[in-house]
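Survey of secondary and tertiary structure
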Amino acid sequence: MAYPRIATLRAYAVHFYTALGLAAALLAIIAAAEGRARDVFIFLGIALWIDSTDGMLARGWEVVVWTPRFDGRKLDDITDYLTYTFIPIFFAWRFELVTGAWLVVLPIVLMASAYGFCHKAAKTDDGYFTGFPSYWNIAVFYIYVLRGQPVVHALILLVLAVMVFIPIKYIYPSRTPVLRRLNLTMTALWFVAYCIITLQLERPDPTIVYLSLIYPIYYGVVSFYLHFRPQLDAWRDAVRARGH
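1. Brief notes about the packing of aromatic side chains
By the definition in use, this model includes 27 aromatic pairs. Ring geometry for Tyr81 versus Phe117: centroids 5.6 Å apart, planes at 80°, classification edge-to-face. Highlighted residues: Tyr81 in helix α4 (residues 72–94) and Phe117 in helix α5 (residues 105–118), separated in sequence by 36 residues. Taking 5.6 Å as the distance between ring centres and 40° as the angle between the ring planes, the aromatic pair formed by Phe90 and Trp93 counts as tilted. Taken together, the positions of Phe90 and Trp93, both in helix α4 and three residues apart, correspond to about one turn of that helix. Arg94 extends its terminal NZ or CZ atom over the ring of Phe95, reaching a point 5.5 Å from the ring centre. Directly above the aromatic system of Tyr128 lies the positively charged group of Lys169, at a separation of 4.6 Å from the ring centroid.

2. What about the packing of α4 against α5?
It is the contact of α4 with α5, at a shortest axis distance of 10 Å, that shows an interaxial angle of 170°. Relative to α5, the element α4 is oriented roughly antiparallel. The crossing of α4 and α5 is right-handed. Every residue of α5 that contacts α4 at Asp77, Asp80, Tyr81, Thr85, Phe86, Ile89, Ala92 and Trp93 is listed here: Leu106, Val109, Leu110, Ser113, Ala114 and Phe117. Grouping the amino acids of the contact of α4 with α5 by side-chain chemistry returns 10 nonpolar, two polar and two charged.

3. Points about helix α8 (residues 180–199)
Given a rise of 1.5 Å per residue, 20 residues ought to cover 28 Å, and the 29 Å separating the end C-alpha atoms of α8 matches this to within 8%. For α8, every residue scored as buried is listed here: Asn183, Met186, Trp190, Phe191, Ala193, Tyr194, Ile197 and Thr198.

4. Considering the pattern of salt bridges
This structure, assessed with the given rule, holds four salt bridges. Between Asp39 and Arg36 there is a salt bridge whose closest N-O contact spans 2.4 Å. You can call Arg36 partly exposed: its relative accessible area is 30%. The network of salt bridges with common partners includes Glu34, Arg36 and Asp39.

5. Brief notes about the nonpolar core
Counting residues in each nonpolar core, the largest one holds 57 residues, and the members touching the most others are Phe41, Phe91 and Leu157. Per-element accounting of this core gives the leading share, nine residues, to helix α6 (residues 136–146). Among all residues touching Leu157, those that are not within four sequence positions of it are Val98, Val105, Leu106, Val109, Trp136, Ala139 and Ile143.

6. Thoughts on the side chain of His15
Within the element layout of this structure, His15 appears in helix α1 (residues 2–33). There is a polar contact of 2.9 Å between the side chain of His15 and the side chain of Thr67. In this structure, His15 is in contact with Val63, Thr67, Phe70, Gly72 and Leu75, ignoring residues within four places of it in sequence.

7. Re a positive patch on the surface
Positive charge collects at one region of the surface, where Arg59, Arg73, Lys123, Arg175 and Arg180 lie side by side. Within the secondary structure layout, Arg59 lies in helix α2 (residues 37–60).

Calculation criteria
Residues numbered from 1 in each chain as written. Predicted model: local features only at pLDDT ≥ 70, side-chain atom pairs only at ≥ 80, totals over all residues. Heavy atoms only, no water. Phe/Tyr/Trp six-rings, centres within 6.5 Å; stacked < 30°, edge-to-face > 60°. Helix = DSSP H or I, 4+ residues; strand = E, 2+ residues; numbered from the N terminus. Lys NZ or Arg CZ within 6 Å of the ring centre and 35° of its normal. Axes fitted to C-alpha atoms, helices over the stretch in contact; angles between N-to-C directions. Parallel < 35°, antiparallel > 145°, perpendicular 65-115°, else oblique. Left-handed = near helix turned anticlockwise from the far one by under 90°. Contact = heavy atoms within 4.5 Å. Nonpolar A, V, L, I, M, F, W, Y, C, P; charged D, E, K, R; others polar. Expected span 1.5 Å × (residues − 1). Buried < 20%, exposed > 50% of the residue type's maximum accessible area, 1.4 Å probe, protein only. Salt bridge = Lys/Arg side-chain N within 4 Å of Asp/Glu carboxyl O. Core = buried A, V, L, I, M, F, W, Y, C linked by side-chain atoms within 4.5 Å. Polar contact = N/O pair within 3.5 Å; in protein donor to acceptor, adjacent residues only side chain to side chain. Patch = residues over 30% accessible without salt bridge, like charges linked within 9 Å, V, L, I, M, F, W, Y side chains within 5 Å. Areas by Shrake-Rupley, 256 points an atom, 1.4 Å probe, with all protein chains shown as cover. Lys, Arg positive; Asp, Glu negative; His and termini not counted. Charge placed at Lys NZ, Arg CZ, Asp CG, Glu CD.

Pasting the structure below:
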């Protein structure tokens, strides 16, 4: 029967698409080793795009059904750990975003992120991440663009590493049902800004940089609000009950 063959080939095509993130990872780490910062973020941006779109393809084309002996999630996790964590942290070392005694923060980040990737509850059934979702590529991107002091960079990374272990729920843009359309729109607009800033990396337009920060702020505020909303609702109901 032709259709199952086509469906199986299509499912493996999705896995191949995911694996292209590994090619982007290799090119990114070569660029980092050679000191080409803009190229690093170009290749990490390609990997980010692949990771943002392969899940929808996988679910739509039922890769679990048609390639039951192949673990696409494991491939995705391997690729994501390289492009979201390892290469950005290597970049932070290569471009001296963190220096001196503060270099100890970098292996701490690698280990914290590994915990996050291996934690079985890292992705919830209701469409959220648990703990800081290892967006080290984005953190390092802004650290490089905004150019602060190495000690400040180290402290930012350390705080985020600690937040990996704090079970706060964060938006998973393509899966969180609440505000899903707005989340996806904000994510898409941010990615456009990321591309523009990356192309202008050594002298980016400050207006675009600061406007792009609206999305990380939105992401954090909405994530915290949705996580603590049940407690806030309970507190509000208790206050109303006392008022009566």
